[in-house]
Amino acid sequence: MHAIKMTLIMTLSLLTTQAVATIVPITDEVLEATFRSEGGSRYTEGYVKLNRTAGNIALLLQPATPPCPVDQLCTEVQPAPFEYFLEEVKSTVDVCESVIYQAEQHQDHAIKVTLIDNTHYNYEICPTFLPVPLTVVQVEQTFHGPASTEHIASDFAGEALSHIRY
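Residues numbered from 1 in each chain as written. Predicted model: local features only at pLDDT ≥ 70, side-chain atom pairs only at ≥ 80, totals over all residues. Heavy atoms only, no water.

For the rest of this paragraph, the subject is the pattern of salt bridges. Applying the stated criterion to the full structure yields two salt bridges. Between Glu-45 and Arg-36 there is a salt bridge whose closest N-O contact spans 3.1 Å. The exposure class assigned to Glu-45 is partly exposed, which follows from its relative accessible area of 31%. The salt bridge partner of Glu-150 is Arg-42, with a shortest N-O separation of 3.4 Å. Highlighted residues: Glu-150 in strand β9 (residues 149-158) and Arg-42 in the loop between β1 (26-37) and β2 (43-51), separated in sequence by 108 residues. With a relative accessible area of 38%, Glu-150 lands in the partly exposed category. (Salt bridge = Lys/Arg side-chain N within 4 Å of Asp/Glu carboxyl O. Buried < 20%, exposed > 50% of the residue type's maximum accessible area, 1.4 Å probe, protein only. Helix = DSSP H or I, 4+ residues; strand = E, 2+ residues; numbered from the N terminus.)

Right, here's the structure in full:
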């Protein structure tokens, strides 16, 4: 009984000290999610971080490993991921109560990212037979070359956006 009392006193004394200030709060303003390609995309997986306070999206796309030609020995080297930082995020809520975040960047090539948060998807208003992914990431890229323009669109399904601890 004495040991339980001493443990309780020590715990309470720790809680009343400055150690409480080191507790990491959760913020609703910065969200993140990982996602995978459903196949047929240049990218196999990725990561997205949405900062609603600053109004920006950080996006990381992992390219697929190039195929090895038939009858050749190839070393499997994972290509370096592409990283994008897009500002001026615009958000809307659609009829189904999904939150849609969009941002564009025009530098050496154009990229448009649409992040759809289906966490609060309303199945009563928008019934469907298939489950709706919790997070959808749509990436549209346009590469301008001297003789042609290449447009690439990729869709990804991901886990729910989760809060980042600071």
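In terms of nonpolar packing, the biggest core is built from 22 residues, with Val-48, Leu-59, Leu-61 and Val-137 touching the most fellow members. Those elements giving two or more residues to this core turn out to be β1, β2, β3 (56-63), β4 (82-87), β6 (99-106), β7 (110-117) and β8 (135-144). Setting aside residues no more than four positions away along its own chain, Leu-59 makes contact with Phe-35, Tyr-47, Val-48, Phe-82, Glu-83, Tyr-84, Ile-111, Val-113, Val-137 and Val-139. (Core = buried A, V, L, I, M, F, W, Y, C linked by side-chain atoms within 4.5 Å. Contact = heavy atoms within 4.5 Å.)

Our focus in this paragraph is unusual backbone geometry. Backbone geometry at Asp-71 places phi at a positive 65°, although glycine is not the residue there. By secondary structure assignment, the location of Asp-71 is in the loop between β3 and β4. Assessed through its relative accessible area of 79%, Asp-71 is described here as exposed. In the Ramachandran plot, Glu-97 falls in the positive-phi region, its phi being about 70° despite a non-glycine side chain. Relative to the assigned elements, Glu-97 resides in the loop between β5 (90-93) and β6. By relative accessible area, Glu-97 is classed as partly exposed at 36%.

Before going further, it helps to spend a moment on the state of the cysteines. Inspection of the entire model under this criterion finds two disulfides. Here Cys-68 engages in a disulfide with Cys-74; their sulfurs sit 2.0 Å apart. Between Cys-68 and Cys-74 the sulfur-sulfur dihedral comes to about 80°; the bridge is accordingly right-handed. Assessed through its relative accessible area of 37%, Cys-68 is described here as partly exposed. By relative accessible area, Cys-74 is classed as partly exposed at 39%. (Disulfide = S-S within 2.5 Å.)

None of the figures reported here should be taken as evidence of function without further support.
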